[in-house]
Protein chains: 2
Amino acid sequence: MSSVEPRRRADAERNIAAIIRVASDLFGRGQSPSMAEVAGAAGVRRATLYGHFPSREELIDAVITHAITHTDETLTALALDRDPADVALERLVRTSWPILDRFRRLRTAALAELGSERLRRHHDRTLHHVDQLIRRGQDDGLFRTDLPLDWLVTTFYAVLHAAADEADAGRISPSAAPDLLTRTVLSLLTLRRDDLPEDT
Amino acid sequence: MSSVEPRRRADAERNIAAIIRVASDLFGRGQSPSMAEVAGAAGVRRATLYGHFPSREELIDAVITHAITHTDETLTALALDRDPADVALERLVRTSWPILDRFRRLRTAALAELGSERLRRHHDRTLHHVDQLIRRGQDDGLFRTDLPLDWLVTTFYAVLHAAADEADAGRISPSAAPDLLTRTVLSLLTLRRDDLPEDT
DNA sequence: CTTAACTTGGACACTGTTGTCCAAATTAAT
DNA sequence: ATTAATTTGGACAACAGTGTCCAAGTTAAG
C-alpha cells in the first residue's frame, strides 16, 4: 500500500487508530454513522477526521482494509485446515463468530456506500476461509453434498447473522449463543445419520 | 379502523392504491426510498402524495397495515393448522416464502424508521402463523425440541431471507429456490437422533 | 353543467450531511 | 526552546430530503 511513511506525529497516529476503531465498531453494528458521529465517538473534531480521511469513501475504505487484515489474522490463527472439518467448524463458531459477523456487516455497509466495484479489489480472502472449510468438509464426507456449496456458505452466514441480531436485541444471552449456534450450524451442515455412536 | 369513510373521489382512491402498491414494493426491497421516489414511481406529484399521507411516518404506517392484511389473508388461506406440521411447512415454503420475506423486510424498514414503539401496535399476527406452526410441529414430535422455539423461528426467517437475497442477486435461480429452501428448512427443523442432547 | 374534490407545478423554509477553509491554539519532536 | 506537525473552533457553500403552501388547472360526481 504505502512504501513512503510520511513520518507522522504520535498524536496523529493515535487519532487515526481511534477513528478506525470506533468507525469499525459503528459500521460493524450495521448502522450508517455520519462523519460527525464518527468524529465525536473518536473524541476528535470533524476537521481532524477530514484531515486524515479526505472523504467518507476513503474512511470506509480504510475501515474495510483494517477489518480484512484483522479478520484474516484471526482466522489464520484458528488453523481451520487442521482437524476434521466439523471440529474446525465448531472451533470457528465457538470462538470467533462475532468477528465473522461484524466483517459481514461491514462488507454490507461498504457495498451499499461504495458500490460493488470499489469493493472487489479487496478480494475477500476472509470469506474464503469459510468457503474452503465447508468444501473440505464436503470432500471428506462429513458435510452434506445434497445442497450446493454456495448455498451452504450462504445459510451458514445467515444463521450467524441471525444470532448476532438476537444477541444485539437481548433476546438470547451472549453465553447461550455459542451453544445454540454450534448446534444449529452443525446440524445444518453435517450429513444426516441416525446411527450416531454415543461417545461425547 | 375507520368508521367514517370520507367519501373520496375515484381518482383519489386510485392514486392512494398506486402509492401504497409502489411504496410496498420499494420498502419491501429493503431500500429506503425518498418521498420523491415514491411519488415518482406512483406517477404522482409530491404534493399529491403529501395530500394523502401527511408524513413519511404515516405512509410507512399505511404500508405496514396493508401488508399485514394481505399477508395474513394469504397465510390464513394456506390453512397451516391442517396436515402434519412438516407438510404444512413445506406448503408454506414452496408457495409463499417471498411474501413472508417481503413482509419481514418491510417490518425491518419500519422498525428502523418508526422505532419499535409505533410498530408494536401492529401486533404481528402475521409472524404468529409461523410461530404456531413450528410450535405445533414440536408438540407433535415432528420438529426438534433441543433448540428453543424462538431460535427456530429466527433461523427459519434467516434462511428465507438469505434465499431472497440470493435470488435478488441472481445467484440462485427462482426455480431452484423453493427446492433448496424446503430441504434446508426441513432438515433444520425436523428431529434427528444426532441432535439429541448429550446427557439427560 | 356546475360544483366540489383532487391534482399540479412550483416556490419556500428547515434540517442534516458532506466537504472546504482558515487563523489561532496546542502538542510532539529535535 | 524552537520548529513543525497537528488539532481546534467555527464559518461557509452545496446538496438532498422533508414538509408546507398556494393559485391555477383538471377531473369526477350530482
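The structure presented is a predicted model; accordingly, all values stated were derived computationally and were not measured.

J.: How should I be thinking about the interface of chain A and chain B in this particular structure?
T.: Contacts between the two partners involve 25 residues from chain A, matched on the other side by 26 residues from chain B. Together, Trp 151, Arg 183 and Arg 192 of chain A form the three largest contributors to the area buried by chain A at its contact with chain B, with a combined 28%. With a closest N to O distance of 3.9 Å, Arg 183 of chain A and Asp 146 of chain B form a salt bridge. If you look at where chain A meets chain B, you find six residue pairs in polar contact (both at pLDDT 80 or more). Only α7 (149-168) and α8 (177-189) of chain A provide two or more residues apiece to the side of chain A that touches chain B. Top element by residues in the side of chain A that touches chain B is α7 of chain A. It accounts for eight residues. Here the side of chain A that touches chain B is composed, by residue class, of 12 nonpolar, six polar and seven charged.

J.: Quick question: what am I supposed to make of the relation of the copies chain A and chain B here?
T.: What connects the two chain copies is a rotation about an axis and a shift along it. Each copy superposes on the other: chain A lies on chain B with an RMSD of 0.2 Å after a rotation of 179° and an axial shift of 0.0 Å. Overall, the copies show the geometry of a two-fold rotation axis. Most of the interface of chain A is mirrored in chain B, where 92% of its interface residues are also at the interface.

J.: Help me understand the UniProt feature "domain: HTH tetR-type" (unreviewed entry) in chain A, please; the structure alone is not making it clear to me.
T.: Listed under "domain: HTH tetR-type" (unreviewed entry) in the UniProt record, and renumbered for this structure, are residues 13-71 of chain A. Note that residues 13-71 of chain A is 78% helix and 0% strand, and that its end C-alpha atoms are spaced 21 Å apart.

J.: Looking at this structure, I do not really get the packing of aromatic side chains. What am I missing?
T.: Between two aromatic rings, the relevant description is the distance of the centres plus the angle of the planes. All names here are of chain A. Here the structure, examined in full by the defined rule, presents two aromatic pairs over all chains. Aromatic side chains Phe 156 and Tyr 157 sit 5.5 Å apart centroid to centroid with 75° between the ring planes, which places their arrangement in the edge-to-face category. Across the ring face of Tyr 157, the terminal group of Arg 104 is positioned such that the distance to the ring centre comes to 4.2 Å.

J.: Which parts of the structure should I look at to understand the UniProt feature "DNA-binding region" (unreviewed entry) in chain A?
T.: The UniProt record marks residues 34-53 of chain A with the feature "DNA-binding region" (unreviewed entry), using the residue numbering of this structure. The span residues 34-53 of chain A shows a helical share of 70% and a strand share of 0%, and its end C-alpha atoms are spaced 13 Å apart.

Parameters at a glance
Residues numbered from 1 in each chain as written. Chains lettered and ligands numbered in written order. Predicted model: local features only at pLDDT ≥ 70, side-chain atom pairs only at ≥ 80, totals over all residues. Heavy atoms only, no water. Contact = heavy atoms within 4.5 Å. Buried area = accessible area lost by both parts, 1.4 Å probe. Salt bridge = Lys/Arg side-chain N within 4 Å of Asp/Glu carboxyl O. Polar contact = N/O pair within 3.5 Å; in protein donor to acceptor, adjacent residues only side chain to side chain. Helix = DSSP H or I, 4+ residues; strand = E, 2+ residues; numbered from the N terminus. Nonpolar A, V, L, I, M, F, W, Y, C, P; charged D, E, K, R; others polar. Least-squares fit on C-alpha atoms with pLDDT ≥ 70 in both. UniProt positions renumbered as here; feature names shortened; annotations may be inferred. Phe/Tyr/Trp six-rings, centres within 6.5 Å; stacked < 30°, edge-to-face > 60°. Lys NZ or Arg CZ within 6 Å of the ring centre and 35° of its normal.

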